[in-house]
Amino acid sequence: MSTSVSQEPTPQNVPFLDVLDPAFDFGAPKVLAAQAANWYATSPIGLLVLRYEQANDLLRDRRLDHNGKQFLEMNGVFDGPIHEWFVPMIVNHEGDDHRRLRRLMGKAFTVRTVESLRPFVRAQVEQLTDGLASAEVCEFVEDFSTRLPLVVMCRLLGVPPEDYDVFGAWTRDIGLVFSLAAGGDVVTRVEAAVRGLNGYADFLIEEKSARPTDDLSSALVAAYRADDGRVSKDELRNLLVTLVFGAQDNTRHQLANAMVAFSEHPDQWTLLGQRPELAAQAVEEVMRWLPSAGTIYRFAAEGFDYEGLHIEQGTFLTMCVSVAQRDPRAYKNADQFDITAVRHNPPLQFGAGPHHCLGAALARVEIGEALPILAARLGPPSVAGSITWQGPIGIQGPDALPLRFG
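Residues numbered from 1 in each chain as written. Predicted model: local features only at pLDDT ≥ 70, side-chain atom pairs only at ≥ 80, totals over all residues. Heavy atoms only, no water.

A.B. asks: How should the pattern of salt bridges be read in this particular structure?
C.D. replies: Following the criterion strictly, the structure yields 26 salt bridges and no others. As a salt-bridge pair, R147 and D165 come within 3.3 Å of each other at their nearest N and O atoms. Of this pair, R147 sits in helix 9 (residues 147-157) while D165 sits in helix 10 (residues 164-174); the two residues are 18 residues apart in sequence, bridging distant segments of the chain. With a relative accessible area of 28%, R147 lands in the partly exposed category. Counted as one network, the salt bridges with shared partners bring together E115, R118, R122 and E369. (Salt bridge = Lys/Arg side-chain N within 4 Å of Asp/Glu carboxyl O. Helix = DSSP H or I, 4+ residues; strand = E, 2+ residues; numbered from the N terminus. Buried < 20%, exposed > 50% of the residue type's maximum accessible area, 1.4 Å probe, protein only.)

A.B. asks: Honestly, helix 9 in this entry has me stumped. Any pointers?
C.D. replies: One turn of the α-helix equals 3.6 residues, which is why residues spaced by three or four share an orientation. Of all the eleven residues making up helix 9, nine are buried; the element is thus mostly covered by neighbouring parts of the structure. The complete set of buried residues in helix 9 reads L148, P149, L150, V151, V152, M153, C154, L156 and L157. Following helix 9 by one or two positions, G158 has its phi on the positive side, about 85°.

A.B. asks: Would you explain the nonpolar core in this entry?
C.D. replies: Core analysis: the largest hydrophobic core is formed by 112 residues, its most contacted members being F140, F144, F167, M259 and L371. In terms of residue count, helix 13 (residues 233-263) provides more of this core than any other element does, 15 residues in total. With sequence-adjacent residues up to four places away left out, M259 is seen in contact with F140, W269, L371, L374, P381, L401, L403 and F405. (Core = buried A, V, L, I, M, F, W, Y, C linked by side-chain atoms within 4.5 Å. Contact = heavy atoms within 4.5 Å.)

A.B. asks: How should I be thinking about the sheet that holds strand 3 (residues 64-65) in this particular structure?
C.D. replies: In any sheet, the strands associate via hydrogen bonds between backbone groups, in a parallel or an antiparallel arrangement. Read across the sheet, five strands follow the order 1-2-8-5-3 without closing on themselves; strand pairing throughout is mixed. Edge positions in the sheet fall to strand 1 (40-43) and strand 3, since each has one partner strand and no second. Here strand 5 (residues 296-300) pairs with strand 8 (residues 316-319) via four bridges, running antiparallel. Within strand 8, the position partnered with R298 by the bridge is L317. In the packing of helix 2 (residues 52-59) onto the sheet, contacts are made with strand 2 (46-49), strand 3, strand 5 and strand 8, and the angle to strand 8 comes to roughly 125°. (Pairing = 2+ DSSP bridges. Axes fitted to C-alpha atoms, helices over the stretch in contact; angles between N-to-C directions.)

A.B. asks: Would you mind showing me how to read the packing of helix 9 against helix 10 here?
C.D. replies: Packed helix pairs are characterised by how far apart their axes lie and by the angle those axes make with each other. In contact at an axis separation of 10 Å, helix 9 and helix 10 are set at 110° when each is read in the N-to-C sense. Put simply, helix 9 runs roughly perpendicular to helix 10. Classified by chirality, the crossing of helix 10 by helix 9 is right-handed. On helix 10, the residues that touch R147, L150, V151, M153, C154, R155 and L157 of helix 9 are Y164, D165, F167, G168 and T171. Here the contact of helix 9 with helix 10 is composed, by residue class, of seven nonpolar, two polar and three charged. (Parallel < 35°, antiparallel > 145°, perpendicular 65-115°, else oblique. Left-handed = near helix turned anticlockwise from the far one by under 90°. Nonpolar A, V, L, I, M, F, W, Y, C, P; charged D, E, K, R; others polar.)

That's the geometry; what it means functionally is another story.
Structure follows, in C-alpha cells:
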C-alpha cells in the first residue's frame, strides 16, 4: 500500500495514529488527545481528519473525489466482479455523469416513496419487537437489526418474501467492501455477493419491464426506459445493486449501535419510552454518538493547500466521523449522549454536497420508527455477552449483540 504521507509525525505537533493496529480504537484517549492537538493526524494509510469543521468542509471540496479504482487497488483488487461493480458506482462519478445517474435515481426514489413506507415499517417493528419481548436474551443483530432493513428494502424493491433470506446474505456481505484491508475471506464474500446481486438485479429489470408493480424497481425501470438511452442497462443494474448496498448495511449496524449506546445510558432509553416525540432527536443523537459509517474516505484529485497543509495529488484522506462527531468545537457537551439536545450540526456519516447519501431519509424513517416502539414496550437494553465488532475502518457495528431488555 503506497501513500504520499510520512508515517512519522512531522512537524511534531502532528500526531501519528496507527489505524492498522488490530487493537486501535477511535474512542481511545490518545485519539481525543490528537484531535485536541491538531485537526489532522498521519497514519500508515494517509491523513486522518479528526475535527468536524474540516471533515465537513473537505467532504464538500471538489478537489477531492472517491476514486474507486485507486481505493480498490490500495486493497489489492485490480479486476474481477468487485472491480466491475465498485469502480462504475454512482459515488465514483463526478460532474455531468454523476448528475445524469442521480437524476434517474431521483425520479424514482423520492421523499414520497420513502414516507409511504412508514406504516409498513411500523408494522414490521411491532412484529419483530414481539419476538424480542418473548426472549430472556436475544441476538439483536440477527433478530432485529438485520431483519428490519432487509424486509423494508425487499418491500421497496419488490423482492418476494421467499427470496428474503438469500437476498439478505448478499446484502450483509457486500458491505464488507470497505473492510477489504481486514483480509481473510472478505474478498471472496464480497465477490459472491456482487455476483448474486448482479444476477438478481437483472432478474428484477426483466420482471418489472414485463410486469411492473408499485415498487421502486418498477419506477426505476420506467424512468430508465423513458430516458432515451442516457443511462445504460449496465448502469441501471449498478444503481440497483448500489441502492441495496447503501440502504441495508448502514442501517442494520446503526440500529445495533443505537442499542449499545442506550445500554450505556438506560435513563435516556426510559425517557424515550415516556416521550416518543423525542424520536427524531434520538435518531440524530445515536448517529452522532456511535455512527455506523465511522470513517469516510476521499482521494486528492489534485494537489492543493488547505489550512497550512500541502496535500499532494493522490493522497488518501479518511474523515474520522466517529471522532469528528464528538468534537467539542462543533457540539455543546459533545461528550454527553443526550436525546433532548438540539444539535445544529448534522451527522457526517451520510457525506455532504453532491454525494450526500440517497438512502439517508430511508435510514431515518426505519430508525425513527423502531426506537420509540422498542423503548415503549421493552425495558432498557443491557449487553448479555461479548460483542464482536467490525471496524475500525469502514462500516462499524456489532456482528453479534446479545441483549437482555428490562
